[in-house]
Amino acid sequence: MLHVSAADNDETRDNRNIDYSIENGNINSTFQITSDTGEILLVKTIDREEIAVFKLKVLAMDRGSPARNSTADVIIHVDDINDNAPVFNQTFYEVKVSEAQEVGTALLRVAATDRDHEENARLSYDITSGNDFDCFEVHPTTGVVSLKKPLDFDKISEHRFIVRATDGLKAR
């Protein structure tokens, strides 16, 4: 994953050999360092929504007597993956609309959130089923549901349809 290195100009072999260790910042023992090479390895699963940045303090110590050491800060930024699905703020929306309502009127706004970050949290909305007479439309980015065609209570007294929230690169 990552490699740190230090140099020691001492002449004797013991004084030149360096051992590495992580002194602090290793939350949940997520990383391990190979003591003789300085290679930092990821040994546990990471999730950007839990910890976005790790700030490790790495110690390099020679084997001399007295031992000499130095530290370095290692900053690890965790990239986000699209590992969380959108969640609506409620599972059922209901609104009463007069059949005299004008086409284009905003009726309600559906809303969802996504724990991911940036592009992976960008949402788009669409109607996936139930809008058989194409009377309604949803704005793809705001979630505002509007009247697309006039309603006729005598023909259909109740409309039910499903709105989907899609996240990440599929969002437009």
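Check the entry above for the structure.
Report follows, based on the coordinates. Each chain has its residues counted from 1, running along the sequence as written. In keeping with the predicted nature of the model, local features appear solely for residues at pLDDT of at least 70, side-chain atom pairs appear and are counted solely at 80 or more, and the whole-chain, interface and lining totals rest on all residues. The side-chain figures draw on all heavy atoms in the structure; neither hydrogens nor water molecules are used.

**So, the overall build of the protein chain**
Helix numbering and strand numbering both begin at the N terminus, where a helix is a DSSP run of H or I of at least 4 residues and a strand a DSSP run of E of at least 2. The number of helices and strands found in the protein chain is one helix and 13 strands. The helix and strand sequence of the protein chain, counted from the amino end, reads β-α-β-β-β-β-β-β-β-β-β-β-β-β. Computed over its C-alpha atoms, the radius of gyration of the protein chain comes to 29 Å, more than 25% above the 16 Å expected for a compact globule of 172 residues. Dimensions along the principal axes, computed over C-alpha positions, put the protein chain at roughly 95 × 25 × 20 Å. A total of 172 residues make up the protein chain; the buried ones form 30% of that total. It only takes one pair of heavy atoms within 4.5 Å for two residues to be counted as in contact. Put simply, 59% of the contacts in the protein chain that link residues at least 6 apart link residues at least 24 apart. Surface accessibility follows the Shrake-Rupley procedure with a 1.4 Å probe radius. Residue values consider only the protein chains on display as shielding. As displayed, the protein chain has an accessible area near 11,600 Å², and 47% of this comes from carbon and sulfur atoms. Counting rule for charge: Lys and Arg are taken as positive, Asp and Glu as negative, and neither His nor the chain ends is counted. To locate a charge, take NZ of a lysine, CZ of an arginine, CG of an aspartate or CD of a glutamate. Separation of charge centres in the protein chain, based on 19 positive and 31 negative side chains, amounts to 1 Å. As defined in this context, the radius of gyration uses C-alpha atoms, and a globule is described by 2.2 Å times the residue total to the power 0.38. Whether a residue is buried, partly exposed or exposed follows from its accessible area with a 1.4 Å probe, protein chains only, as a fraction of its type maximum: under 20%, in between, or over 50%, in that order.

**Concerning the environment of N82**
As for its position among the elements, N82 is in the loop between strand 6 (69-77) and strand 7 (87-88). On the accessibility criterion, N82 (39% relative accessible area) is partly exposed. Each C-alpha atom, one on N82 and one on R13, is 49 Å from the other, the two residues being 69 residues apart in sequence. Once residues within four sequence positions are removed from consideration, N82 is found in contact with D114, D116, N120, D167 and G168. Any pair of N or O atoms that falls within 3.5 Å is considered a polar contact. Within protein, one atom must be able to donate a hydrogen and the other to accept it, and sequence-neighbouring residues count only if both atoms are side-chain atoms. Of note is the side chain of N82, whose polar atom sits 3.3 Å from the side chain of D167.

**Re the environment of L123**
Here L123 shows up in strand 10 (residues 123-129). By relative accessible area, L123 is classed as buried at 12%. Each C-alpha atom of the pair L123 and T166 lies 5.5 Å from the other, and the pair is 43 residues apart in sequence.

**Thoughts on the sheet that holds strand 6**
Strand pairing follows a simple DSSP-based rule, namely that at least 2 bridges must link the two strands. One open sheet holds the three strands; their spatial order is 2-5-6, and the pairing between them is antiparallel. Each edge of the sheet is formed by a strand with only one pairing partner; in this case those strands are strand 2 (18-24) and strand 6. Averaged over neighbouring strand pairs, the angle between their axes works out to 30 degrees when direction is ignored. Inspection of the sheet shows strand 5 (residues 53-62) paired to strand 6 by nine bridges, in the antiparallel sense. From the neighbouring strand, K57 faces strand 6, where its bridge partner is D73. Axis angles are defined between N-to-C directions and span 0 to 180 degrees, where every axis is a line fitted to C-alpha atoms and, for a helix, only to the segment in contact.

**Describing the packing of aromatic side chains**
Put simply, two rings from Phe, Tyr or Trp (the six-membered ring, in Trp's case) pair if the centres are within 6.5 Å, and we call them stacked under 30 degrees between planes, edge-to-face over 60, tilted for the rest. Summed over all chains, the structure comprises four aromatic pairs. When the centroid spacing of 4.9 Å and the interplanar angle of 85 degrees are considered together, the rings of F31 and F54 count as edge-to-face. Within this pair, whereas F31 is found in strand 3 (residues 31-33), its partner F54 is found in strand 5, the two being separated by 23 residues in sequence. With 6.4 Å between their ring centres and 75 degrees between their planes, F88 and Y93 make a pair best called edge-to-face.

**Structural notes on the nonpolar core**
Definition of nonpolar core: a set of buried residues of the types Ala, Val, Leu, Ile, Met, Phe, Trp, Tyr and Cys, connected through side-chain atoms within 4.5 Å. Core analysis: the largest hydrophobic core is formed by 15 residues, its most contacted members being V4, F31, I33, I40, L56 and V74. With near-sequence residues (within four places) excluded, I33 lies in contact with V4, Y20, S21, I22, G38, E39, I40 and V58.

**Some points on the pattern of salt bridges**
Between Lys or Arg on one side and Asp or Glu on the other, a salt bridge is scored when a side-chain nitrogen of the former is within 4 Å of a carboxyl oxygen of the latter. Throughout the structure, instances matching the rule amount to six salt bridges. For R122, the salt bridge identified is with E119, shortest N-O distance 2.2 Å. Its relative accessible area of 46% is what places R122 among the partly exposed residues. Judged by relative accessible area, E119 falls into the partly exposed class, the value being 29%. Among the ionic pairs, D134 bridges to K148, the shortest N-O distance being 2.9 Å. On the criterion of sequence distance, the pair formed by D134 in the loop between strand 10 and strand 11 (136-138) and K148 in the loop between strand 12 (144-147) and strand 13 (162-167) is long-range, its members being 14 residues apart. Classification of D134 by relative accessible area gives partly exposed; the value is 30%.

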